[in-house]
Amino acid sequence: MVADPAETGFDLPAGVFRALEWAATGDTGPTALLLHGLSGVADVWCDTVAALGESRPRCVAVDQRGHGHSPATPGRFRVADHVGDVRALVDRLGAPVHLVGHSMGARVAFVTGARHPELVASVVVVDIGPEAWAANIDRTTRMFHSMPTRFADRSEALEFGQLYGSGPGAAERFVEQRLRPQPDGTFTWLASVDGLVETVSAHRRRNFWAEWDALAVPTLLVRGGTSGELRPRTFEQMRRRNPRVEVAELDGVGHNVPLLAPQRLAVEIRAFWSRLPLDGDLDVDQRQ
């Protein structure tokens, strides 16, 4: 049985970032820092960490800026801003770390690995590409603006929460992790919709192919087999342009891999980590 995580906080330059921490179960190398996707929270990683089993490293999942209980930072939602947060977190956790990211968090992870390889033991990139994508910005913006801004009561919030998972307790976790109760009994979002729109606009208006091509730390790229976010053409282009990267494709799984297939994702991560150097580090020449 994997123990429940401890809730903690990290005082970073942008403010205090909420995080969940699971202690290591044995001498298993560098800390794993897990980064959620757009509109997510640290808690989306709970099932994946549980599925990693009893022999795993210390794991820390963080609410990224503008998400959950971490600080809102209007005008500061660029990839570079997120990378700065990761650098500050690694300074507190101790380098190097295993970076594991999904979607937006995966882009932050591989850009960090490319720009600051000395901080990173490995990177797991879950279902995101490096390309600029204007249509994705438009579609995501429309989706956020179409969501209700307030729920009349807990029952209404729970009904909406069923969209975020069908397993036992999924709707309840949605309410606890993503909404803020108000004195009048209504519920509002923890994250600012304007901040989410600003984030996707900043991240998707430029491409990060140069960082992907330069990525030399051990990296695993995981695609959900039915994902519309990491398109097959982009997936193949990523494989071709950086053959150093290991790849895995999960048949029948959509974009939200940590929630849809945490056990299968954990199998891929655990196998990837098992192939890394035992000390979690590489010679400097191998990082360039």
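Report follows, based on the coordinates. Note that the structure is predicted; figures quoted are calculated from it, not measured.

Here we come to the overall build of the protein chain. Scanning the protein chain from N- to C-terminus turns up eleven helices and eleven strands. For 288 residues, the compact-globule formula gives about 19 Å, and the C-alpha radius of gyration of the protein chain, at 18 Å, lands near that figure. Expressed along its principal axes, the backbone C-alpha trace of the protein chain runs to roughly 60 × 45 × 40 Å. A buried classification covers 55% of the 288 residues belonging to the protein chain. Residue pairs at least 24 apart in sequence account for 74% of intrachain contacts in the protein chain once pairs closer than 6 positions are excluded. For the protein chain, the exposed surface amounts to about 12600 Å²; the carbon and sulfur share of it is 50%. Placing the 31 positive and 36 negative side-chain charges of the protein chain at their respective mean positions leaves the two points 6 Å apart.

In this section: the sheet that holds strand β11 (residues 246-250). The strand order across the open sheet built from eight strands is β1-β2-β4-β3-β5-β6-β10-β11, with neighbouring strands paired in mixed fashion. Each end of this open sheet is capped by a strand with a single partner; those strands are β1 (6-12) and β11. Within the sheet, the average angular offset between the axes of one strand and its neighbour, ignoring direction, is 25 degrees. In terms of strand pairing, strand β3 (residues 32-35) meets strand β5 (residues 97-102) through four bridges, oriented parallel. Considered in β5, the bridge of Leu34 is made with Val100.

Let us look at the state of the cysteines. Under the defined criterion, the tally for this structure stands at zero disulfides. For the unlinked cysteine Cys46, the closest cysteine sulfur is that of Cys59, found at 11 Å. On the accessibility criterion, Cys46 (24% relative accessible area) is partly exposed. Owing to a relative accessible area of 0%, Cys59 belongs among the buried residues under this scheme.

Summarising the element assignment, Ala88 is placed in helix α2 (residues 79-93). Not counting the four nearest positions on each side in its chain, Ala88 is found in contact with Leu12 and Pro13.

The next subject is the sheet that holds strand β9 (residues 187-189). Sheet architecture is open: three strands sit in the order β7-β9-β8, paired in antiparallel fashion. Looking at the sheet topology across the chains shown, the edges are occupied by β7 (150-151) and β8 (179-181). Lying over the sheet, helix α6 (residues 170-178) contacts β8 and β9, oriented at roughly 75 degrees with respect to β8.

The next subject is the pattern of salt bridges. By the definition in use, this model includes 18 salt bridges. The partner of Arg18 in a salt bridge is Asp63, and the shortest N-O contact between them spans 3.1 Å. Placement of Arg18 in strand β2 (residues 15-22) and of Asp63 in the loop between β4 (59-62) and α2 is noted, with a sequence separation of 45 residues between them. In this structure Arg18 comes out as buried when scored by relative accessible area, which is 10%. Residues Arg204 and Glu229 are paired through a salt bridge, measuring 2.6 Å at the closest nitrogen-oxygen approach. Taken as a pair, Arg204 in helix α7 (residues 193-204) and Glu229 in the loop between β10 (219-224) and α9 (232-241) lie far apart in primary sequence, 25 residues in all. Glu229 carries the same exposure label as Arg204, and that label is buried.

Cut-offs applied
Residues numbered from 1 in each chain as written. Predicted model: local features only at pLDDT ≥ 70, side-chain atom pairs only at ≥ 80, totals over all residues. Heavy atoms only, no water. Helix = DSSP H or I, 4+ residues; strand = E, 2+ residues; numbered from the N terminus. Rg over C-alpha atoms; globule rule 2.2 N^0.38 Å. Buried < 20%, exposed > 50% of the residue type's maximum accessible area, 1.4 Å probe, protein only. Contact = heavy atoms within 4.5 Å. Areas by Shrake-Rupley, 256 points an atom, 1.4 Å probe, with all protein chains shown as cover. Lys, Arg positive; Asp, Glu negative; His and termini not counted. Charge placed at Lys NZ, Arg CZ, Asp CG, Glu CD. Pairing = 2+ DSSP bridges. Axes fitted to C-alpha atoms, helices over the stretch in contact; angles between N-to-C directions. Disulfide = S-S within 2.5 Å. Salt bridge = Lys/Arg side-chain N within 4 Å of Asp/Glu carboxyl O.

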